[in-house]
Structures are given as C-alpha cells and as structure tokens.
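The lines below spell out each chain.
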Amino acid sequence: MAEENVVRTRGVKKVFIMGNVALEALKGINLEIKRGEYISIMGPSGSGKSTLFNMIGGLDKPTEGKVYIDEVDVAQLDAYELAWLRCRKIGYIFQTFNLIPVMTALENVTLPMTFAGISTDESIDKGVRLLTMVGLGDRIQHKPIELSGGQQQRVAVARALANDPAIVLADEPTGNLDLKTGKEIIDLLRKMNKEKEVTIISATHDLKMLDVSDRVFWIRDGKVERVERRADLDLNIGTVEGE
Amino acid sequence: MTHQKEKIGKQVVLPLSKAVEISVKSIKTRLGRSMITASGIVLAIAFLMSIFMSGSINKALLEKGSAEVRVQLQNIGGEEQVKQIWLVVLSLLVCVVGIANAMLMSVTERYKEIGTMKCLGALDRFVIKLFLLESGFMGLFGSIAGALLGGFLITIVSSINYGLEVITKFPIVGFLYYFVIAVILGTVLSIVGAIYPAYTAARMVPADAMRSEI
Ligand SMILES: Nc1ncnc2c1ncn2[C@@H]1O[C@H](COP(=O)(O)OP(=O)(O)OP(=O)(O)O)[C@@H](O)[C@H]1O
Ligand SMILES: [Mg+2]
C-alpha cells in the first residue's frame, strides 16, 4: 500500500513559445510520489515549480512526457474525466488564495461538493465541519474580503479538502503570509496529511516547510537537481542556516 | 481513513438552481456594474416599447377616440414609421454590442475566478451556463424596467398631444402584448450578446487563467 505511486512523471518537458523565443521551463522531470507522502518542491524563482505544479494538477499539458495520477495517464483523459479528476482527486491551494470573491467562506467550500453532485444539506454540514476544523467555525458567512490573508488561506485549505482528495497540491501556500500565519498553515497541512493520509505536494520557497516534509525535491532550471529525505535534511539544514 | 486507488469517473454536475443562485449572487455583488451594463438594455427596450405603444395608442384613439383627435391623427403620414423601425433596429443592435462588450470586460476581470472554478472541477459548459444566465437575468430585469419606462413615457407624451383621452382609452391589451414581446426580445438579445464572451471564458486553459495578474 505504501509503495503505490499516487503521482508519477516520465520525462515531462514544457516549452513556452513566445514569438520567436522558445523557453524550456521543464527539461525532463522524472519523479515518483507515494501515497500519503508530504513532498516539498523547492527551488529558486523561475526554476519551474509552478509549471510542474500545473502539469501534475492537470491544469496544463506537457509538451513532451507523461504524468500519471494513480497510474492513469492524464493525457488520455477526456474533458469530463479531467474535470472529475480536478474535482474529486486533487485539491488545489494557491499563493493568492483564489477564493471566489462573491461567495461566502461556506459557499466557497461547498462549491466543489456541488460539482461532485453532493446534496446541498450534506455539503453544508461538511463545509461547516471543515471550516470548524481549520479554525473558522465562527466565520462561515464571511466573504473573502472580510477575512485576513491567513483566514482566506484556511478557507482555501478547507475547500481543497472538500471532496476528500487523494492529493493536495499547493503552490507557495505560505508565500503571501507572515511567518507565524505561514507556520499555522503548514501545521494545518501536516495535520491533514497525518489524519486523512492525504498526499501533500507543495511548491515553496519557505524553509519552514522542510521540517514537516518527508522528502524534498530541489529543482533548478527545469530539472530535479536532487531529492532528499528528511533524515538527510536535518544534517543539511544546519549548513544552510550556517552559511 | 485510507484512500483506495479509485477509478477516474466522469460525473460532475452544476444543477440549474445552483447556477441561478450563483449568477444572481454575482449580479447583486457587482450591483453598480450590473446596473450600468443593464442600462443599455433599459434604454433600447424603452425606445422599442415607446414606438410599439405609440402605434398602439394611436390605433386605439383612431378606433374609439373623439372626432377631433381622429382628424389630428389622420394627418400623420405612414412614412414616419419606416424611419422609426430602422431606428429601433439600430438601437437594439447597439444594445447587443454593448452587452457583448460589457460581458467581455467582465470575463477579463474574472479570469482568475473562472480558472479557479475550473480547478474545482467546472466543465466548460458550467462556465458558459453561468455567464449566459448572468446576462440573461440582467436582460430580463433591464427589459422589464425598460418596457415600463418606455410605456410610461409615451403615455405621458401622447397625453400631452391628444389630451386625457389617451388614459381613458388606454390600450391595455396592446400594452401587455408588447410588454411581453419587448421583455422576451431584451432577454434573448442579452443572452445572444453574451455567447461569444462566455465561450471565450470557457475555453481558457486553467493554468493560463491563473497566471493573469488582475
Ligand atoms: N505561460 C507562460 N508563458 C511563458 N513563459 C512562462 C509561462 N509560464 C512560465 N513561464 C516561464 O517558465 C519559467 C518557470 O516559471 P515558473 O512559474 O514555473 O517558476 P517558479 O519556479 O514557479 O517561480 P516562482 O518561485 O517565482 O513562482 C520562467 O522562466 C517563466 O518565465
Ligand atoms: Mg511559482
């Protein structure tokens, strides 16, 4: 069970064409992620983290190579299956929160459940439960503008978990938050990872993320430079901080 | 709780009642903007309605009005009407283009929101549904307001020209008939104007939609 690959990529390349210039953002990414792992993708700005995030999440298509989710080739899915995958299998968290501004916290959390065909009553019950779990039980009727950045990101975490996804993909979830709030979001993700056995894959610059990650993929110039397990990391962090 | 390896399914839904709820919410939240968009329809439909009703009132007066008013009316030529139809068509066209323009802007403004919806599992046709409903509702409310406004104004103007007979002989059946036509026309045209913008919104690749910095 623990040996199952929930995400696997084979030679994923992405080339962006802008006028006459072709920019190779990903240069052949091979990675395997096991069910229930907490993975961080680290790398400097422009190294291709968000591009990889989009490929794994089925939000964009690779120019070359394959992405497998639960050993299914994402490129083979039709529009309905792809929507289903985004709705049920993967939860997304973004740096800029991306809540729907005209909806309340609760409505934001119940929207993916509506798409999944869950009844209104059931989705409201579950939405309230999820919002309570992320510590916003008293804010369910607030609109995003009426919430702080940290609170908005909590709503986004609750929304990502709405349909009990197998994978939560996060692109710099703490990028717009201060140290303390960022730490709270990381702890929340870790808790979900432990309690619900959700696989968490998070692109980040945030060194706080390293403490909780099972493995870290270091990306540079569109390639995986090295992969480290947490055991190895503890030694290296000392040197990172000592530099 | 453990996650079983689960087969990829196909079923994602957006019930009409939910879609209506979301689009109405969207109109209400951006009320100022929605009213400006709808004002184009209000004016065009008011114009259309005033032309319809002026014909209807004149006809009623010709049939049932006093001799004095009938003489007054018979002096009006039929040539005038052709010009008026042309003006109505023109104003309705301008209105459709105005709607298309406003909806396109609203799509651009909401790239991120649309991208987010797609990440949550929305199909292209959910996005189309939401935009068409939103425009349809603005068209519906706008044309109701416009038809009432146009009917009211032309009644006042006719009363000034022909006296209070206009009120006593008011063609209420004609009014209801043209009211329904004007409202249906306004709603349909608003939906037509939103087709291209809605289609543009729906086609977007989520990754591109999320990148746009607005
Ligand atoms: N849609 C696009 N069109 C053109 N170039 C793109 C596009 N998306 C990404 N790129 C380019 O691909 C490279 C990788 O970008 P990406 O956003 O993946 O970096 P990142 O690692 O997420 O950086 P950051 O940490 O700043 O978010 C960059 O050079 C970027 O300019
Ligand atoms: Mg990025």
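Remember, it's a predicted structure, so these values are computed and weren't measured experimentally. (Residues numbered from 1 in each chain as written. Chains lettered and ligands numbered in written order. Predicted model: local features only at pLDDT ≥ 70, side-chain atom pairs only at ≥ 80, totals over all residues. Heavy atoms only, no water.)

Novice: Which parts of the structure should I look at to understand the overall build of chain B?
Specialist: Looking only at helices and strands, chain B has 9 helices and 0 strands in total. Listing the helices and strands of chain B from first to last along the sequence gives α-α-α-α-α-α-α-α-α. Taking 214 residues into account, the globule formula puts the C-alpha radius of gyration at 17 Å, and chain B, at 23 Å, lies well above it. Counting every position in chain B, which comprises 214 residues, the buried fraction comes to 49%. In chain B, the share of contacts with a sequence separation of at least 24, taken over all contacts with a separation of at least 6, comes to 90%. A total of about 11,300 Å² of accessible surface is found on chain B, and carbon and sulfur atoms cover 69% of it. In chain B, 20 positive and 13 negative side-chain charges are present, and the distance between their average locations comes to 9 Å. (Helix = DSSP H or I, 4+ residues; strand = E, 2+ residues; numbered from the N terminus. Rg over C-alpha atoms; globule rule 2.2 N^0.38 Å. Buried < 20%, exposed > 50% of the residue type's maximum accessible area, 1.4 Å probe, protein only. Contact = heavy atoms within 4.5 Å. Areas by Shrake-Rupley, 256 points an atom, 1.4 Å probe, with all protein chains shown as cover. Lys, Arg positive; Asp, Glu negative; His and termini not counted. Charge placed at Lys NZ, Arg CZ, Asp CG, Glu CD.)

Novice: Any chance you could explain the sheet that holds strand β5 (residues 72-73) of chain A here in plain terms?
Specialist: Backbone-to-backbone hydrogen bonds join strands into a sheet, with any given pair of strands oriented parallel or antiparallel. If you walk across this open sheet you meet the 4 strands as β2-β1-β4-β5 (chain A), and the pairing is antiparallel. This sheet does not close on itself; its edge strands, each paired only once, are β2 (21-34) and β5 of chain A. (Pairing = 2+ DSSP bridges.)

Novice: Looking at this model, I keep getting lost on unusual backbone geometry. Mind explaining?
Specialist: Most of the time, phi is negative for any residue but glycine, and the peptide bond is trans. Residue and element names in this part refer to chain A. Even without a glycine there, the phi angle at D164 is positive, about 45°. Structurally, D164 is set in the loop between α5 (149-160) and β7 (167-171). D164 sits in the partly exposed class, given a relative accessible area of 28%. Notably, E197 is not glycine yet its phi reads approximately 55°, a positive angle. On the secondary structure map, E197 appears in the loop between α6 (179-196) and β8 (199-204).

Novice: What is the right way to read the site of ligand 1 from this model?
Specialist: Surveying the vicinity of ligand 1 reveals 15 residues, the closest of which are A:S45, A:K49, A:S50, A:T51 and B:R211. Neighbouring residues of ligand 1 are not confined to one chain but are distributed across chains A and B. A distance of 2.8 Å is found between an oxygen atom of ligand 1 and a side-chain nitrogen or oxygen belonging to A:K49. Taking 630 Å² as the accessible area of ligand 1 by itself, protein coverage stands at 74%. Looking at the shell around ligand 1, the elements that each hand over two or more residues are β1 (5-18), β2 and α1 (49-56) of chain A. No other element matches α1(A), which puts 3 residues into the shell around ligand 1. Residues belonging to the shell around ligand 1 are distributed by class as follows: 5 nonpolar, 7 polar and 3 charged. (Near = heavy atom within 4 Å. Polar contact = N/O pair within 3.5 Å; in protein donor to acceptor, adjacent residues only side chain to side chain. Nonpolar A, V, L, I, M, F, W, Y, C, P; charged D, E, K, R; others polar.)

Novice: Help me understand a nonpolar patch on the surface, please; the structure alone is not making it clear to me.
Specialist: On the surface, a nonpolar cluster with roughly 580 Å² of combined accessible area is contributed by B:I85, B:W86, B:L87, B:V89, B:L90 and B:L93. Considering the arrangement of structural elements, one finds B:L93 in helix α4 (residues 79-109). (Patch = residues over 30% accessible without salt bridge, like charges linked within 9 Å, V, L, I, M, F, W, Y side chains within 5 Å. Salt bridge = Lys/Arg side-chain N within 4 Å of Asp/Glu carboxyl O.)

Novice: What's the story with the packing of aromatic side chains in this structure? I'm lost.
Specialist: The relation between two aromatic rings is expressed through the spacing of the ring centres and the mutual angle of the planes. All names here are of chain A. One pass over the full model with this rule turns up 9 aromatic pairs over all chains. Consider the rings of F53 and F94, whose centres lie 6.0 Å apart with planes at 65°: the pair is edge-to-face. Here F53, found in helix α1, pairs with F94, found in the loop between β6 (90-93) and α3 (105-115); they are 41 residues apart in sequence, far enough to count as distant. For the pair F53 and F94, one class covers both residues: buried. Judged by centre distance (6.3 Å) and plane angle (10°), the rings of Y92 and F94 are stacked. (Phe/Tyr/Trp six-rings, centres within 6.5 Å; stacked < 30°, edge-to-face > 60°.)

Novice: Would you mind going over the pattern of salt bridges with me for this structure?
Specialist: It is possible for side chains bearing opposite charge to pair when their charged atoms get close. All names here are of chain A. Under the counting rule described, the total for this entry stands at 27 salt bridges over all chains. The closest approach of N and O atoms between R190 and D214, which form a salt bridge, is 3.7 Å. Here R190 is found in helix α6, whereas its partner D214 is found in the loop between α7 (208-212) and β9 (215-220), with 24 residues between them in sequence. Since its relative accessible area comes to 12%, R190 is described here as buried.

Novice: Help me out: how do you make sense of the interface of chain A and chain B in this one?
Specialist: Quite often, the size of an interface is put as the accessible area lost when its parts meet. Listed by partner, the interface residues are 43 residues for chain A and 37 residues for chain B. Summed over both sides, the interface between chain A and chain B buries roughly 3,600 Å², with carbon and sulfur atoms accounting for 65% of that surface. In terms of surface lost to chain B, no three residues of chain A exceed A:W84, A:V102 and A:F115, which account for 21% of the buried area on that side. Linking chain A to chain B there are 1 salt bridge. (Buried area = accessible area lost by both parts, 1.4 Å probe.)

Novice: Explanation requested: helix α1 (residues 16-29) of chain B in the structure shown.
Specialist: Residue pairs spaced three or four apart in an α-helix point in one direction, given the helix's 3.6 residues per turn. Between its first and last C-alpha, α1(B) extends 20 Å over 14 residues, near the 20 Å set by a 1.5 Å rise per residue. Those residues of α1(B) lying buried are B:K18, B:A19, B:I22, B:S23, B:K25, B:S26 and B:I27. The secondary structure elements touched by the buried residues of α1(B) are α3 and α4 (120-133) of chain A together with α2 (31-64) and α6 (124-162) of chain B. (Expected span 1.5 Å × (residues − 1).)

Novice: Please clarify how the confidence of the model for chain A should be interpreted in this entry.
Specialist: Interpreting fine coordinate detail is not advised for predicted regions of low pLDDT. Residue and element names in this part refer to chain A. Across chain A, pLDDT averages 91, with 94% of residues at or above 70. Per-element averaging of pLDDT across chain A places helix α8 (residues 230-242) at the bottom with 59 and α3 at the top with 97. In the predicted structure, residues 238-243 sits below a pLDDT of 50 and forms 1 contact with residues beyond four places in sequence or in another chain. (pLDDT = per-residue confidence, 0-100.)

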